[in-house]
Amino acid sequence: LEEPSGAAHGLALPIAQMGPVCFTLAAAAAAAPSPACPAVAPAYHAASTCGAGVSGVVRIPAVRKGLNNQRMRIVQDAVIAALLGAAVELPSFLRTRRRCGYRAGCYQDYEGTVPFDAVYDRERVVEGLRRAGVCVVDTRSEGRAPELAGALWPTTASQLGPGGDVARRYDLRGGVWSLGGEEDCCIKLVVDTRRSLDLLTSVNAAFSSARRIRRAAHEVSRRLAAATGRAKEHAAVAIHWRADEDFVRSAHGLDARAYARAACTALAGVARGRSSLKTLDVFVLGEADRARSRAIDADLRKHRSCPRFSLHAKATLGNVDEALASGPDGGDDVKGQVDFELGLRAAVFVGTQFSSFSALVALARRAEGRESLMLDVDVADRLGLIFALTFPHDARRRTDAALSRLCRDVVAAHAAFGVGLAACLPPPRAGSSLAVHSFGHCEDCSHLMPSVCLDLDKADARHAAFVESTQIQAVVSRGFRRISCARVVQVVAERGVHRNPTTGEIYVVEDITDTGELRSSLRAKLGNTPGDGARDGECSASLSFSSINPPLDAPAAAGGRRCTLAVVTALFGSIDSLGHLKTLKPKHARLLEFENRLGAASCWIALVDFAAGPPPPPPDR
């Protein structure tokens, strides 16, 4: 915004008798500094440590989530850094719950911290990352690292390579950067290339547990073998149990009975493969004291599909890891890393697909060529599907065909990701009479329309009438990538909300005006017809926006997003000029926060001459 250099934010165009004119595109979600005037980043030359091929540093925070959510963010940041040719700075500490477990009242309390080395073996991690192609540095910098395109996350790996959007817009050399703050979690990257998928797998595998955690896991394994009396080849099946309060009594809406039934189905499949065993030894990973173990045992035995089994847990073997839960280097999440190690070592691992713990264990086992099973049950917000797509361990999701459609599949699983991933989605179809916008759950826009699902009988009736009148011959658009919550409120007021009683899916139906009619209507309201140009007589030249390729509000020019709203304004002379970038930043932050809540994506284009532009940069810039 400070220099009409034809760089990321400015395109200088000579227009007859008007002098140079600068088009400025400020995508609300981008906040991208121009390479001509970069944001002030703490100085650090990674090439001196990592070699000539490495430029810049990505500083990784410890997000305010569970340990494996933190690991997800660390792993993705490291992969993104490698794709950008940058080094990484690992967090010095990690967050943990203390004496909480997963009780609904306290499981989100992550004020407690422990040193990074209390959970992971730093030397092994650094060496593993080096083998994966990621250089680790310690900048010892206290300055705040500026963020790279934070609101555009998640992004695709294909946009991060040489010549990609981020590489074009940022000069990482000699600086320390951030990919988001400690509240920003957990999906940052869609690994839609073979290289990024391999990186994700090898980087995750690099995070070796601290020696004290490996010792505790070894002792649990030894005691389990003694308790079962079985040889190593008949080791117990490890199942990660997550039918806890934080999933059952929350917006995740886990069906506890369906979960137990899915667990029995999975265990029965394992038992069929071990027909020589009369009893299947099952070891429970997760928060399971003796009372909880008895409750899990009772839940499983309610289902006839369960095989004959014997249930074990750390609590039944003497709580070897109890010391890891206390002291300055202890906590619930630290103790939970013992379970991670046990899941990694297990002969058979049965995971919970909507758990970050299970997703990362399965991915780490994939790096060793070992398969994992996942319970066939998901939560209401389809978190299991999202993790399966973004941390793919299943061979079926790692094929070239699966990678080619991965971006679209991720948006279909969670519509809000469509803002950052709009560039990989098909454009809207012009001329359609109707669009069905499915948003899955009442909570999606609850901050604007809290009563949207109170009268479900009427919603079901609208669905029946809609099916009868249209025979579903309409353009179906999953998610809000072309409609904001504000527009949903308007559409609901006009047409009401619909619900499919069979699937429980919530949707609204919107009229779509033909784009040609829309243009004609707009020109009529402006008192302008094609080719008229400006009508005030002060300008003798006209400009056709259709001559600009790609269009200024196209995803390629708008930071990878499809604009929900495009605002074009013209400023000439000094009467009304653009403010300096420093004065726009606070306004931009407020706009960004508001749009993120709505799922909107506005793009602002200013047509200015130099008199209306911001003050010239200092001589040294």
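Residues numbered from 1 in each chain as written. Predicted model: local features only at pLDDT ≥ 70, side-chain atom pairs only at ≥ 80, totals over all residues. Heavy atoms only, no water.

**Things to note about the packing of aromatic side chains**
Any aromatic ring pair is given by two values, namely how distant the centres are and how the planes are angled relative to each other. Going through the model one piece at a time under the given rule, you end up with 6 aromatic pairs. Between Trp-241 and Tyr-259, the ring centres sit 4.9 Å apart and the planes meet at 85 degrees, which makes this aromatic pair edge-to-face. Taken together, the residues span a long stretch of sequence, with Trp-241 in the loop between β10 (237-240) and α7 (245-248) and Tyr-259 in helix α8 (residues 256-272) at a distance of 18 residues. Ring geometry for Tyr-259 versus Phe-354: centroids 6.1 Å apart, planes at 55 degrees, classification tilted. With Tyr-259 in helix α8 and Phe-354 in the loop between β13 (348-351) and α11 (356-367), the pair connects residues that are 95 residues apart, well separated along the chain. An aromatic cluster is defined as three or more aromatic residues linked by ring pairs; in this entry it consists of Trp-241, Phe-247, Tyr-259 and Phe-354. (Phe/Tyr/Trp six-rings, centres within 6.5 Å; stacked < 30°, edge-to-face > 60°. Helix = DSSP H or I, 4+ residues; strand = E, 2+ residues; numbered from the N terminus.)

**Details of the pattern of salt bridges**
Applying the stated rule across the entire model yields 29 salt bridges. Of the charged contacts, one joins Arg-131 and Glu-127 as a salt bridge, the two residues approaching to 3.5 Å between their closest N and O atoms. Of this pair, Arg-131 and Glu-127 both sit in helix α3 (residues 122-132), 4 residues apart, roughly one helical turn. Between Lys-302 and Asp-299 there is a salt bridge, with the nearest N and O atoms lying 3.5 Å from each other. Taking the relative accessible area as the measure of exposure, Lys-302 reaches 56% and is therefore exposed. (Salt bridge = Lys/Arg side-chain N within 4 Å of Asp/Glu carboxyl O. Buried < 20%, exposed > 50% of the residue type's maximum accessible area, 1.4 Å probe, protein only.)

**Focus: the environment of Cys-135**
Counting through the fold element by element, Cys-135 comes out in the loop between α3 and β7 (155-156). Sequence separation of Cys-135 and Gly-51 is 84 residues, and the distance between their C-alpha atoms is 9.3 Å. Once residues within four sequence positions are removed from consideration, Cys-135 is found in contact with Cys-50, Ala-87 and Val-88. (Contact = heavy atoms within 4.5 Å.)

**Things to note about the confidence of the model for the protein chain**
Taken residue by residue, the protein chain gives an average pLDDT of 76. The fraction at 70 or more is 67%. When mean pLDDT is taken per element in the protein chain, α3 scores highest with 97 and strand β1 (residues 10-15) scores lowest with 26. Contacts from residues 1-39, a stretch scored under 50 in pLDDT, to residues over four places away or in other chains number 107 contacts. Considering only residues more than four positions removed or in separate chains, one finds that residues 471-481, a stretch of pLDDT under 50, has 33 contacts. (pLDDT = per-residue confidence, 0-100.)

**Some points on the sheet that holds β13**
The 5 strands are arranged β12-β11-β10-β13-β14 in an open sheet whose pairing can be described as parallel. In this open sheet, the two edge strands, each paired with only one partner strand, are β12 (309-313) and β14 (373-374). Strand direction decides the pairing type here: β13 and β14, joined by 2 bridges, are parallel. From the neighbouring strand, Val-350 faces β14, where its bridge partner is Leu-373. Against the sheet, helix α10 (residues 332-345) contacts β11 (280-285) and β13, and its axis sits at roughly 145 degrees relative to β11. (Pairing = 2+ DSSP bridges. Axes fitted to C-alpha atoms, helices over the stretch in contact; angles between N-to-C directions.)

**Looking at the side chain of His-312**
Structurally, the position occupied by His-312 is in strand β12. Take His-312: its relative accessible area is 11%, and that puts it in the buried class. Within the local environment of His-312, its side chain forms a polar contact with the side chain of Asp-281, the two groups lying 2.9 Å apart. Not counting residues within four places of it along the chain, the set of residues in contact with His-312 comprises Leu-224, Thr-228, Asp-281, Val-282, Phe-283 and Val-284. (Polar contact = N/O pair within 3.5 Å; in protein donor to acceptor, adjacent residues only side chain to side chain.)

**Here's the deal with the sheet that holds strand β3 (residues 57-59)**
Read across the sheet, 3 strands follow the order β4-β3-β8 without closing on themselves; strand pairing throughout is parallel. Strand pairing shows two members of the sheet lacking a second neighbour, β4 (87-89) and β8 (176-178), which therefore form its edges. Strand-to-strand twist across the sheet, computed as the mean angle between neighbouring axes with direction ignored, equals 35 degrees. Contacts between helix α2 (residues 67-84) and the sheet are confined to β3 and β4, with β4 contributing the most and set at about 150 degrees to the helix.

**Structural notes on the environment of Leu-344**
Of note, Leu-344 is situated in helix α10. Taking C-alpha positions, Leu-344 is 9.8 Å from Ser-372, a pair spaced 28 residues apart along the chain. For Leu-344, the residues in contact, after removing those within four places along its chain, are Val-361, Ala-364, Arg-365, Glu-368 and Arg-370.

**Points about the nonpolar core**
If you look at the biggest cluster of nonpolar residues, it comprises 111 residues, and the most contacted ones within it are Leu-90, Leu-129, Val-203, Phe-207, Trp-241 and Leu-300. Broken down by element, this core gets its largest block of residues, 11 residues, from α2. Here Val-203 is in contact with Val-75, Ala-78, Val-79, Leu-129, Ala-132 and Val-134, once residues within four sequence places are set aside. Counting residues in hydrophobic clusters, the runner-up holds 9 residues, among them Tyr-44, Val-137, Ala-145 and Val-176. (Core = buried A, V, L, I, M, F, W, Y, C linked by side-chain atoms within 4.5 Å.)

**Things to note about unusual backbone geometry**
The amide bond that connects Cys-185 to the next residue, Cys-186, takes the cis arrangement and shows omega of 15 degrees. Along the polypeptide, Cys-186 turns up in the loop between β8 and β9 (189-190). Positive phi values are uncommon outside glycine, yet Arg-99 reaches one of about 55 degrees. Looking at the element boundaries, Arg-99 is found in the loop between β5 (93-96) and β6 (112-115). Residue class for Arg-99 comes out exposed when judged on its relative accessible area of 51%.

**Considerations on the packing of helix α6 (residues 211-228) against α10**
Where α6 meets α10, the closest approach of the two axes is 9 Å, and the angle between their N-to-C directions is 60 degrees. If you check the angle between α6 and α10, you find them oblique. For the crossing formed where α6 meets α10, the hand is right-handed. Along its contact with α6, which presents Arg-212, Ile-213, Arg-214, Ala-216, Ala-217, His-218, Val-220 and Ser-221, the element α10 presents Val-334, Gln-337, Val-338, Glu-341, Leu-342 and Arg-345. For the contact of α6 with α10, the per-class residue count stands at 7 nonpolar, 3 polar and 4 charged. (Parallel < 35°, antiparallel > 145°, perpendicular 65-115°, else oblique. Left-handed = near helix turned anticlockwise from the far one by under 90°. Nonpolar A, V, L, I, M, F, W, Y, C, P; charged D, E, K, R; others polar.)

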